[in-house]
Amino acid sequence: MTPADFLPPALGPQRTFALVAGVERYDISHRWNLRGPARDALRFARWLTGPAEVPPGNVRLLLSPIDEPGDLDWTDSPAMTALRTAYRPATEENVKSALLDELPQCDGDLLWIFWAGHGYLGPRQELMLPCADARPSQIRHLNLDSALRWWRTDLVKARRFPLQAALVDSCRVDAPRDTRWNFGNTDYGGGSSVPGRRQFRLYASREGEVAQNDPERGAGRFTEALLGELDGRSVRESVSGLPGTAVSIHRTFQELRERGEGWQLPQFIVDRDWDACSFLDDDLARAAPPRAAKLDQAAWDGLGELFEGCELPRCAHEAYAWAFKAAGCTTPAHGGLPGDGLLEVVQDLDERQGGRGGMPLAVPFVRFLADRAAAAGDARWAAGLGDWVRATRERLALPVLPPPPPPARRTVVHVRLEAPPGGEPGFLARMWLRGERARHIWESEGAPVALDEVREQLVRQLALIGSASEAGGEDDGETVSGAGTGAGAGAGRQAYAAVDRIEFHVPYELLDADFDQWPVPRGPAGRRRALGLLHQVVVRCPQERADTRAEWHGTWRWLHAQGGRHPDAVRVVVDEEVTDALGMELAAQPPPACVLAHTTAAPHAGLLEAVLEGGLPVAVWRRGGGRPAPALLDLLAPAGPDGRPDPGALDVLALPARVREVRRAAAGAAAGAARAHQPSAGEDQLVLLWDDPDDMPGLRSLA
C-alpha cells in the first residue's frame, strides 16, 4: 500500500477525472470486431461513478459497441443516465479531443485512463490502440506511450494531475509490417517534463501476448480481475492500493498459467509503484515455478536427431492441440502453430511447460506424432519417436500418458477421367476406393467411355461398396464384385462404412461439370437423389499442378499448420480482381489457401486459371458463373460476434462437409419454393475444387 501521506490532501471524487473507452466495432473490417470491450468500459464507469463516487461530468466515456448502444447494460442510476446521454463514439478525433484538449483543462489530482479493445506494438514498441474509425488507408489510433509522455509535461499545468493511472485491457502483439497496416507516425509532442508527476501503468498482457476475451459473456479476463479488486473501494483506497491490486492480479494470472488454464500475464510498466520503487521483485520473485518439468539436454539431443530434415507433418497442429489436452491445460488464444519447424513447436511447448500434473507439453506432442507415423506406415520414425517418449518419461519420472485419438477414418471413392490421346470422344476412366489403403475397383480398360457410363459404373460401385463385407477383397486389390450374401460370406463381420466423399480427378474443361447433380437411386419406388446430397462431392485438377507444385504443397502444409483456420486463409475474389496478374499474386505467399468466387463471369474466364497458377488447393464457385445469393461467405462461414460471417472462423479443411450441408439445405428450400410456386435460389449449384496433394492415387496415365 502507498502511504496515505503520499496522496494529495484534497484527492477525492471531485478531483478525479477519467477517460474510459471501449471499442468493439471497427470501420477497417468486420473481422476486427470483438464483443466485450464496450461492456468492460461501462463496468469500469459504473465503479467510478458508483463506489468511487466520481461525478459523471468528470468522466469522458467513449463507446463504439457492436450492438445498439441502448442494448448495453447502463444500470439504472442518475450517474449512468447522465453518461448515457453524454457518451461519444470512440473515434480518433473524439479520443484526442477528450484526452489532449478537454481533460488537461480540468483542475484535478488524479487521471484514470481505461481502454478496452485491440492493441498493437509499433516499430518502437509503442502501444497503439486502434479507434473505431480505423480504416485500411489509415489505421487511426491512440499512441498511448506518446500520450502519457505528453501528460508528464508542462502542457498540463504543473499543479494539476500529479497522479495518472493507465489501465489497458488489450493485446500487445506486433503490428504486421506491410502496407495494408498503415498506422502512420503518431507523436503528440510535448513540453518539458514536470518533476513529481507520477504515472502507473497496468497492461492486460506482456509484449507479444494476446489478451483473452470472453465474447459470450462480453468480458475481458483482465477487466474481470481488475474490477474484482476495485469493487467497493473509494478513490483514495483504490489509488493507494493499486500496487497491491497489481500484485494480486498478477498472482491470479500466474496461478492460471501454472495450472495451464491461461497464458497471458498482466504486466505493470515499468513494475513500479507510485513511488517509483519496484514492487514485483520482493513478492513475485518467490512465486512457485510451474510443477511441470522442462526437457533436459538428453531430450533435446534426441529430438535434434529425430527431427533433422523433417518437414512439419500434416498432423502437427492436431498434435499441438492434443498436447495441451493431454497435460490438462487450456490451449493458447492464438490459432495455428507457433513456428515453421518441429523444433520451434517443441521450444514453444517447453517454454509453456505444462499443467500441475507434471507433464511437459512436448512429450504428448511427440507421442501424437509417433502414433500418426505408425498409422501412416512410417515404422522407423514411429519407433524412434516412441523410444524418445519412453526414455524421457523414465528419465524425468513423468506420469503415464493417455493414448492419442486415432486418425479419423474416411472412405473416399476417387474417379479419374482423362481425355484419350487420340482425340476420340469420351474419356478414359478409373476408380479407386480409399479407406485404410487404396484399392483399384474399376476402369474402362483403355477404351474411352461417355460420362453417362462413368455415372452408371459409379452408381454400381457405390452399391457394391455399401453391401460388401471385409471379406470382399480389402487386401486382394481386385474389383469389388459381389455383395457377399452367401451363408459364409461375411456373416457377423463388420460391413464397410458408407462412402464419405467422391473426388473427381478431371481435365480442366470438366471442372465445372455437374457431377454433384448426378442422380443416384435412393430408397423405395425408384426415388433418386443428387450425388452431392448423399456424399461430399469435389473436383480436382492435379494434372494442371506441374508448374506450381511447390506452391501447391506449401500452401496445403501452411493450411494444416493453421488448423484450417486463419484470417488470411480465405479470399473472396470479385470481378475487378480477376486480372492476368492474379495468379502471380496468389502464389506470392502461402495465404490464401482458398478462393471464394464472387464473380458474375463463368469461373473459366480467368479465375480458375489464377487459382491453379497460384497453387491454391481450394476454391468454391457457382456453376456456370453468376454471383450466388447470398454470397458464398454468407453461406459457408460461421457468424462472428457481430452476426456477420467471419472468414477467420471458416474451417477450410471442413469445406467438403460444409458444402454438402449447404447443398442439402438448398434442396430443402427448393422443395419448399416449388410447393409455393416460387423460383429457387440455386444455392446447391456450388462447385468445390479440393486438391489434396497428400492423397493422389493412380498418378500413372490411363493412356
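Here, the structure is the one placed above.
Notes on the structure follow. (Residues numbered from 1 in each chain as written. Predicted model: local features only at pLDDT ≥ 70, side-chain atom pairs only at ≥ 80, totals over all residues. Heavy atoms only, no water.)

**Observations regarding the sheet that holds strand β4 (residues 120-121)**
Okay, step 1: Here four strands make up an open sheet; going across it, the order is β6-β5-β4-β8 and the pairing mixed. Strands at the two margins of the open sheet, each flanked by one partner only, are β6 (141-143) and β8 (173-174).
Okay, step 2: By the bridge criterion, two bridges tie β4 to β8 in an arrangement that is parallel. From the neighbouring strand, tyrosine 120 faces β8, where its bridge partner is valine 173.
Okay, step 3: Across the sheet, helix α4 (residues 144-151) touches β5 (127-130) and β6, and the angle it forms with β6 is around 50°. (Pairing = 2+ DSSP bridges. Helix = DSSP H or I, 4+ residues; strand = E, 2+ residues; numbered from the N terminus. Contact = heavy atoms within 4.5 Å. Axes fitted to C-alpha atoms, helices over the stretch in contact; angles between N-to-C directions.)

**Focus: the pairing of strand β14 (residues 428-434)**
Okay, step 1: Burial of β14 is extensive: six of the seven residues sit out of reach of the surface.
Okay, step 2: Pairing analysis gives seven bridges linking strand β13 (residues 412-418) to β14, with the strands arranged antiparallel. Looking at the pairing, arginine 416 lines up with arginine 430 of β14.
Okay, step 3: Hairpin connection, β14 to strand β15 (residues 438-443): the antiparallel pair is bridged by three residues. (Buried < 20%, exposed > 50% of the residue type's maximum accessible area, 1.4 Å probe, protein only.)

**Re the pattern of salt bridges**
Okay, step 1: Using the criterion set out here, one finds 37 salt bridges in the structure.
Okay, step 2: Notably, a salt bridge pairs arginine 540 with glutamate 503, separated by 2.8 Å at the nearest N-O pair. With a gap of 37 residues between them, arginine 540 in strand β19 (residues 536-540) and glutamate 503 in strand β16 (residues 501-505) connect regions that are remote in the sequence. By the burial criterion, arginine 540 is buried, and glutamate 503 matches it.
Okay, step 3: Connected via shared salt-bridge partners are Arg501, Glu503, Arg540, Arg545 and Asp691. (Salt bridge = Lys/Arg side-chain N within 4 Å of Asp/Glu carboxyl O.)

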